[in-house]
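Residue-level structure breakdown
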Amino acid sequence: MDAATSEPCLTWQDENGTRHRLVLTDRIFLGRVCRGIESEKCILVRNPMVSRDHAVVRLTHDGAEIVDLSKNGTWVNDVRMAPGASLVLKDGDRISLGGVSFLLSCPHAVPPSEEDTWTEQTSISPSSVTITNLVADVRGFSAFSQQFDSTTVYNVIKAVFSRFSAIVTAHQGTVKDYVGDAIFAFWEHSSALSAEHVLPACQAAVEQLSSIPEIHRQLRDRGLDLPPPVLGWGVTTGEVTLSHFGSRSVDLALVGDCINLAFRLSSMASKTLQAPIVLCSQTASLVKGRVPLQDLGNHKIRGRSGKEHLYGIQVR
């Protein structure tokens, strides 16, 4: 095998049938623009379905790896990658995006230089942090999904989640996940429990609730004659373990009892509990006197032992 064919590289054929080859010395960027990347390190695919910065192929100690950065998807051997995922590649693997296929030739692992080794991987170790959680859950989502077509369901959920995400950001929170019909956000306490990190979560929940009529009006203006969305909110505070799992950079792991409780409370709010925004006792104790509260009493929570003393935010 000669040097040209033994070098790790990507080969592909453009829309005119011309074959190309680019040697993989460190990393190759794939995308529609790849702004700021040297021409010898990027491959441009002029297709509107390709993201500006779509994916990165890079050398590792074990061979090569691809990281998806796209909105419309990257395929490896005809299998779609999960959004934000990384995947170890083998010699002969085929990468597809925007109607173009790239063949990876990587017969031997090529160890990165010492400088690349230092910067190649970020180490994330589990740590305990205190957070306030906010979960907003759409009521009757299963029945709604059965009654209307998927495009209508998508437009409604997108309208709700887009507005709610902007509200979380405006209150200095972090949107962690969109879980089916729920949006999950959190506020990290810098050290000890503090009302200054709980208040923004409560304010965000109230503002989200207040935004429902406007969201409904906008949907009707777009020709969607639907009843206004009904939601329930759960707000909890407690200690969690923050780390990382899975193959995707977006898989930030937050694990803790208070998170499970927030989801449970959101499913009870505006349903079995006569309050749209429900707080656990610890959250309520931190904002008492600064947020108008309604004592909801002690309640049994499905899947949990004992009872929880719950509070609702009084809204006008």
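Of regular secondary structure, the protein possesses seven helices and 19 strands. Looking at the protein alone, contacts between residues at least 24 apart form 55% of all its contacts between residues at least 6 apart. Element-wise, carbon and sulfur atoms account for 51% of the exposed surface of the protein, whose accessible area totals about 17000 Å².

Moving on, we get to the environment of Leu199. Within the fold, Leu199 resides in helix H5 (residues 195-221). The exposure class assigned to Leu199 is buried, which follows from its relative accessible area of 9%. Put simply, Leu199 and Thr132 are 67 residues apart on the chain and 9.5 Å apart in space, counted from C-alpha to C-alpha. Non-local contacts of Leu199, meaning those with residues more than four positions away in its chain, are made with Val287, Arg290 and Val291.

This part covers H5. Relative to the 39 Å expected for 27 residues at 1.5 Å per residue, H5 spans 39 Å between its end C-alpha atoms, a close match to the ideal helical length. Of all bends in H5, the biggest is about 35 degrees, found at Ile212, and the proline Pro213 comes one to four residues later. For H5, the capping residue at the N-terminal end is Ser194, with a side-chain oxygen 3.1 Å from the backbone nitrogen of Glu196. Downstream of H5 by one or two residues, Gly223 has phi in the positive range, about 90 degrees.

What follows covers the pairing of strand E1 (residues 9-13). E1 sits mainly inside the fold: four of its five residues count as buried. Across four bridges, the pairing between E1 and strand E11 (residues 100-105) is antiparallel. Paired with Leu10 across the two strands is Leu104, which belongs to E11. By the bridge criterion, five bridges tie E1 to strand E2 (residues 19-23) in an arrangement that is antiparallel. Among the inter-strand pairings, Thr11 is bridged to a residue of E2, identified as Arg21. Between E1 and the antiparallel strand that follows it, E2, lie five residues; Gly17 among them carries a positive phi value of about 85 degrees.

What follows deals with the sheet that holds strand E5 (residues 55-60). Strand order in this open sheet of five strands is E4-E3-E5-E6-E9, and the pairing throughout is mixed. The open sheet has two edge strands, strand E4 (42-44) and strand E9 (86-89), and neither has a second partner. Here the strands of the sheet are splayed against their neighbours by 20 degrees on average, with no regard to which way each runs. The pairing of strand E3 (residues 27-31) with E4 spans three bridges and is classified as parallel. Following the sheet pairing, Phe29 is matched in E4 by Cys42.

Looking now at helix H4 (residues 150-170). An ideal rise of 1.5 Å per residue puts 30 Å on 21 residues; H4 measures up with 30 Å between its terminal C-alpha atoms. Those residues of H4 that fall on the buried side of the exposure criterion are Thr152, Val153, Asn155, Val156, Ile157, Ala159, Val160, Phe161, Phe164, Ser165, Ile167 and Val168. Taking the backbone nitrogen of Thr151 as reference, a side-chain oxygen 3.0 Å away marks Asp149 as the first, capping residue of H4.

The next subject is the sheet that holds strand E7 (residues 75-76). Taken together, six strands build an open sheet; the order of strands is E2-E1-E11-E10-E7-E8 and the sheet is antiparallel. Each edge of the open sheet is held by one strand with a lone partner, namely E2 and strand E8 (79-80). Bridge analysis of strand E10 (residues 94-97) against E11 gives four bridges, and the strand direction is antiparallel. Within the sheet, the bridge partner assigned to Ile95 lies in E11 and is Phe102.

Moving on, we get to the packing of H4 against H5. At their nearest, the axes of H4 and H5 sit 10 Å apart, and the two run at 145 degrees to each other. Judged by the sense of rotation from one axis to the other, the crossing of H4 with H5 is right-handed. Contacts between H4 and H5 involve Asn155, Val156, Ala159, Val160, Arg163, Phe164, Ile167 and Val168 on the former and, on the latter, Ala204, Glu207, Gln208, Ser211, Ile212, Glu214, Ile215, Gln218 and Leu219. A breakdown of the residues in the contact of H4 with H5 according to their chemical character gives 10 nonpolar, four polar and three charged.

This part covers the pairing of strand E18 (residues 293-300). Pairing of E18 with strand E19 (residues 307-313), which is carried by seven bridges, proceeds in the antiparallel orientation. Opposite Asn298, over in E19, you have His309 as the bridge partner. The turn linking E18 back onto E19 is made up of six residues, and Gly303 within it adopts a positive phi angle of 85 degrees.

Position of Ser128 relative to the elements: it lies in strand E12 (residues 127-138). What makes Ser128 exposed here is its relative accessible area of 53%. Linking Ser128 and Val255, residues 127 residues apart in sequence, is a C-alpha distance of 9.6 Å. Those residues in contact with Ser128 that lie beyond four places of it in its chain are Glu239, Val240 and Thr241.

The rules behind the values
- Residues numbered from 1 in each chain as written.
- Predicted model: local features only at pLDDT ≥ 70, side-chain atom pairs only at ≥ 80, totals over all residues.
- Heavy atoms only, no water.
- Helix = DSSP H or I, 4+ residues; strand = E, 2+ residues; numbered from the N terminus.
- Contact = heavy atoms within 4.5 Å.
- Areas by Shrake-Rupley, 256 points an atom, 1.4 Å probe, with all protein chains shown as cover.
- Buried < 20%, exposed > 50% of the residue type's maximum accessible area, 1.4 Å probe, protein only.
- Expected span 1.5 Å × (residues − 1).
- Bend = angle between axes of the 7 residues up to and from the residue.
- Polar contact = N/O pair within 3.5 Å; in protein donor to acceptor, adjacent residues only side chain to side chain.
- Pairing = 2+ DSSP bridges.
- Axes fitted to C-alpha atoms, helices over the stretch in contact; angles between N-to-C directions.
- Left-handed = near helix turned anticlockwise from the far one by under 90°.
- Nonpolar A, V, L, I, M, F, W, Y, C, P; charged D, E, K, R; others polar.

As far as function goes, none of this settles anything; it's purely spatial.
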